[in-house]
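Reading the structure
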Amino acid sequence: MIRLGPAHADSLADAALDHLAHAHLAVVAGSAKARTQFGSAVLRRLDGFESCRSIRVAPTRDHRPQAILMRLQHCLSLQTQTDVIPKAKGESTTERLPLGSEYNTILQSIHQHLRAVDDCRWQVVLWPDAGLMAERWPDIFDQVIEVVQHAVRLREFRDEEPPTLHRWILLGSAALEDRVENPLGPLRRGDGLPGLLLKLT
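A brief report on the enclosed structure follows. (Residues numbered from 1 in each chain as written. Predicted model: local features only at pLDDT ≥ 70, side-chain atom pairs only at ≥ 80, totals over all residues. Heavy atoms only, no water.)

Digging into the packing of aromatic side chains
Stated precisely, the cut-off is as follows: Two rings from Phe, Tyr or Trp (for Trp, the six-membered ring) form a pair when their centres are within 6.5 Å of each other. A pair whose planes differ by under 30 degrees is stacked, one over 60 is edge-to-face, and the rest are tilted. For helices the rule is a DSSP run of H or I covering at least 4 residues; for strands it is a run of E covering at least 2, with both sets numbered from the N terminus onward. Exposure categories follow from relative accessible area, calculated using a 1.4 Å probe and restricted to protein chains: below 20% of the type maximum is buried, above 50% is exposed, and the middle band is partly exposed.
This structure, assessed with the given rule, holds 1 aromatic pair. Measuring from centroid to centroid gives 6.4 Å for Trp-127 and Trp-168, while their planes differ by 85 degrees, and the two rings are edge-to-face. On the criterion of sequence distance, the pair formed by Trp-127 in strand β4 (residues 122-127) and Trp-168 in strand β5 (residues 165-172) is long-range, its members being 41 residues apart. With respect to class, Trp-127 is no different from Trp-168; both count as buried.

Structure, rendered in C-alpha cells:
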C-alpha cells in the first residue's frame with residue numbers, strides 16, 4: 001500500500017489516478033468533506049479519458065447491508081447487458097465463488113457484471129458506502145472485495161485482448177482505513193491484488 005497526503009483534493013486526485021495504473025483498489029480515508037471533494041476531483045479527470053467509464057455508486061439512505069449491496073449491483077448492471085455469466089474457454093459455467101453467505105446471490109451478480117464489461121478499456125468504480133460497510137459489516141465488506149479481486153483476476157490475467165481494467169476507489173472514514181490495514185484485511189492477504197491507501201486530511 002502507498003499512503004499519500006495530506007494534499008489538496010485536486011493534486012491528490014492526480015496522484016491517485018497515476019497510481020491506479022498499478023493498483024486495483026484505492027482506499028480513501030478522511031473526513032466526509034475531504035472524501036466528497038476528492039471523489040468529485042477524480043470524476044472530473046476521468047471524464048477526459050477516452051475509452052474510460054466512471055461509475056459513481058450513489059450513497060443509499062437505507063443502511064441495511066442488503067440495500068447497500070443492491071445499490072452497488074444496480075449501478076454496475078446499468079453498464080452491462082448480460083443474460084448469461086461470461087464463460088471463458090475451458091471454464092465451467094457452474095463455477096461458484098466460495099462465499100457461503102446469505103448475500104451470495106447479490107455478490108454473484110456483481111461478479112457477473114464485472115466480467116461482462118467489454119466495451120471500454122478502463123472501468124473505475126467510486127463506492128462511497130464502502131466505509132459504512134467496512135465499519136458495520138466487515139465480513140460482508142471483505143466478501144465484496146474478494147468478489148472484485150476474483151473478477152479482476154479472471155479478466156485481467158488471461159489472454160483476452162484488450163481486457164477491461166477494473167479500478168475501485170473506496171471512500172470511508174478511519175474504520176475503512178483500519179479494516180484494510182488489518183493483517184487479515186483485503187489489502188494484506190497474500191493472494192490479494194495491489195492496493196492503494198490514500199489518507200485525506
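Quick look at the pattern of salt bridges
Which entries qualify depends on this criterion: The term salt bridge refers to a side-chain nitrogen of Lys or Arg lying within 4 Å of a carboxyl oxygen of Asp or Glu.
Within the structure shown, the criterion is met by 2 salt bridges. Salt-bridge contacts for Arg-53 lead to Asp-119; the nearest nitrogen and oxygen are separated by 2.7 Å. Of the two residues, Arg-53 is situated in strand β3 (residues 52-56) and Asp-119 in the loop between α4 (104-116) and β4; the sequence distance between them amounts to 66 residues. For Arg-53, a relative accessible area of 14% translates into the label buried. Note that Asp-62 is salt-bridged to Arg-64, the shortest N-O span being 2.8 Å. On the accessibility criterion, Asp-62 (29% relative accessible area) is partly exposed.

Looking at the nonpolar core
One recurring pattern in soluble globular proteins: nonpolar side chains tend to sit buried together. Put simply, the rule reads: Put simply, a nonpolar core is a bunch of buried Ala, Val, Leu, Ile, Met, Phe, Trp, Tyr and Cys residues held in one set by side-chain atoms that sit within 4.5 Å of each other.
By size, the foremost hydrophobic cluster in this structure holds 32 residues, and its most contacted members are Leu-72, Trp-127, Phe-141, Trp-168 and Leu-170. Taken together, the elements giving at least two residues each to this core come down to β2 (25-29), α3 (65-77), α4, β4, α5 (130-136), α6 (138-156), β5 and α7 (174-181). It is α6 that contributes the most residues to this core, 8 residues altogether. Counting 17 residues, the second largest nonpolar core, distinct from the first, contains Val-28, Ala-41, Val-42 and Leu-126.

What about α4?
For the record, the criterion: By this rule, a helix spans an expected 1.5 Å times one less than how many residues it contains. Pairs of residues are marked as contacts when any of their non-hydrogen atoms sit within 4.5 Å.
Look at α4: 18 Å from first C-alpha to last across 13 residues, which is about the 18 Å you get at 1.5 Å a residue. Within α4, 12 of the 13 residues are buried, leaving the element largely enclosed by the surrounding structure. Restricting attention to buried positions, one finds in α4 the residues Asn-104, Ile-106, Leu-107, Gln-108, Ser-109, Ile-110, His-111, Gln-112, His-113, Leu-114, Arg-115 and Ala-116. Where the residues of α4 are buried, they touch α3, β4, α6 and β5.

Any functional reading would require information beyond the geometric quantities listed.
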